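# Fold and geometry: a report
So the chains spell out like this:
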Amino acid sequence: MDYGLIGEKLGHSSSKEIHGKLADYTYDLCPLTKEEFKEFMEKREFKAINVTIPYKCDVIPYLSSMDDNAKAIGAVNTIVNRGGNLYGYNTDMPGFIYMVKKNGIEMAGKKVVVLGNGGAAQAVKAAIRKLSASELIIVGHRTMRKGVITYEECFEKHSDADIVVNTSPVGMYPNVDASPVDLTRFPDCHAVVDIIANPLTTKLVAQARELGMTGVTGLEMLVAQAKYAVEIFLDTQIPEEKIDEIYNEMKNPRLS
């Protein structure tokens with residue numbers, strides 16, 4: 001494999017289609033078990049890859065160095081092989097920022113609740129801090145980690161959140177009938193961002209829109225981070241307008 005995506009379960013991924021629209025190379029989806037992941041990274045038989053759940057942190061020990069974004073976040077989603085040395089980057093953070101700004105969601109001075117604290121959450125948290133949120137609440141099931149609270153504590157103490165961001169896989173295809181929270185628990189919320197890209201409208205975002213909130217899912221972020229990754233893969237520049245073009249093609253396949 002020259003270029004591709006590694007992760008544990010990739011049946012839901014649109015990355016192959018997106019990279020096909022961005023670059024002229026073969027992009028393979030490469031699902032790996034924990035054992036296969038270790039062997040894959042040790043062999044280093046690739047030119048450049050993207051990394052998704054659950055390996056965004058696990059790849060770090062194999063890297064020679066990381067860019068500033070990846071260092072600050074502590075998670076990597078883009079790796080380039082240069083002469084057998086692996087270099088790590090994080091394009092999830094700029095991808096998330098692009099999506100938030102494109103949809104007119106203002107995080108400065110706002111109280112933001114983030115659901116989930118896995119590898120995907122690390123880039124989102126860094127982005128939210130960069131966007132100057134006044135308060136950032138992290139909610140997860142592994143509450144032994146510093147700064148992470150339970151869902152029960154969140155509902156009890158932070159129901160006044162302005163924005164809710166889902167970074168957990170709850171609601172991702174094929175489990176499309178699941179939702180991480182009931183948004184009626186957040187009566188002051190005006191915007192919901194779900195970084196899941198498949199389905200195009202998650203149950204969480206559907207409820208947000210029904211309640212009159214802005215609701216955004218992760219396809220724009222996925223396209224944006226892929227564009228930034230291709231630029232790193234090929235040491236090239238791609239016009240920013242390409243993100244919107246690909247997003248609209250994928251959102252409205254009958255029109256493309």
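This text follows the structure it describes.
Let us look at the structure shown here. For clarity, every value in this text was computed on a predicted model and none was experimentally measured.

The next subject is the overall build of the chain. Along the chain, the regular secondary structure elements total nine helices and 12 strands. A compact globule built from 256 residues should have a C-alpha radius of gyration of about 18 Å, and the chain, at 18 Å, falls within 12% of that. Dimensions of the chain, computed from the C-alpha atoms along their principal axes, are close to 55 × 45 × 35 Å. Residues counted as buried form 52% of the 256 residues belonging to the chain. Across the chain, the fraction of contacts at a sequence separation of at least 24, relative to all contacts at a separation of at least 6, is 63%. With the model as given, the accessible surface of the chain reaches about 12,000 Å², and the carbon-plus-sulfur share is 47%.

Quick look at the side chain of Asn50 now. With respect to the element layout, Asn50 can be found in strand β3 (residues 48–51). Of note is the side chain of Asn50, whose polar atom sits 2.7 Å from the side chain of Tyr27. Apart from the residues within four sequence positions on either side, Asn50 is in contact with Gly4, Leu5, Ile6, His19, Tyr27, Asn77, Thr78, Gln225, Ala229 and Phe233.

Glancing now at the pairing of strand β5 (residues 78–82). Of all five residues making up β5, four are buried, and the element is well covered by its neighbours. Note that β3 and β5 share three bridges and pair antiparallel. Bridged to Ile49 within β5 is Ile79. In the sheet, β5 pairs with strand β6 (residues 85–89) via five bridges, with the strands oriented antiparallel.

Next up on the list: the pairing of strand β1 (residues 3–7). Of all five residues in β1, five are buried, a share of seventy percent or more. Pairing between β1 and strand β2 (residues 27–31): five bridges, direction parallel. In the sheet register, Leu5 faces β2, and the bridge partner there is Leu29. Handedness of the β-α-β unit built from β1, helix α1 (residues 15–22) and β2 comes out right-handed. Bridge analysis of β1 against β3 gives four bridges, and the strand direction is parallel. Looking at β3, one finds that Tyr3 is bridged to Ala48.

Quick look at the pattern of salt bridges now. Under the defined criterion, the tally for this structure stands at 12 salt bridges. A salt bridge links Asp244 to Lys102; its shortest N-O distance comes to 3.4 Å. Placement of the pair is Asp244 in helix α9 (residues 241–251) and Lys102 in helix α4 (residues 92–102), with a sequence separation of 142 residues. Ionic pairing is found between Glu153 and Lys157, a salt bridge with its closest N-O pair at 3.4 Å. Of the two residues, Glu153 and Lys157 both sit in helix α6 (residues 151–157), four residues apart, roughly one turn of that helix. The class of Glu153 is partly exposed, set by a relative accessible area of 26%.

Counting 27 residues, the largest nonpolar core has Phe96, Ile105, Met107, Ile128 and Val165 as its most contacted members. Counting residues per element, the ones that place at least two in this core are α4, β7 (111–115), α5 (119–130), β10 (163–166) and β11 (191–194). Counting residues per element, this core draws most heavily on α5, which supplies six residues. Apart from the residues lying within four places of it in its own chain, the contact partners of Val165 are Phe96, Met107, Val112, Val113, Val114, Leu115, Val124, Ile128 and Val193. Tyr89, Tyr98, Val230 and Ile238 belong to the second-largest nonpolar core, a separate cluster that totals 26 residues.

So, how was this worked out
- Residues numbered from 1 in each chain as written.
- Predicted model: local features only at pLDDT ≥ 70, side-chain atom pairs only at ≥ 80, totals over all residues.
- Heavy atoms only, no water.
- Helix = DSSP H or I, 4+ residues; strand = E, 2+ residues; numbered from the N terminus.
- Rg over C-alpha atoms; globule rule 2.2 N^0.38 Å.
- Buried < 20%, exposed > 50% of the residue type's maximum accessible area, 1.4 Å probe, protein only.
- Contact = heavy atoms within 4.5 Å.
- Areas by Shrake-Rupley, 256 points an atom, 1.4 Å probe, with all protein chains shown as cover.
- Polar contact = N/O pair within 3.5 Å; in protein donor to acceptor, adjacent residues only side chain to side chain.
- Pairing = 2+ DSSP bridges.
- Right-handed = clockwise from strand over helix to strand, strands pointing away.
- Salt bridge = Lys/Arg side-chain N within 4 Å of Asp/Glu carboxyl O.
- Core = buried A, V, L, I, M, F, W, Y, C linked by side-chain atoms within 4.5 Å.

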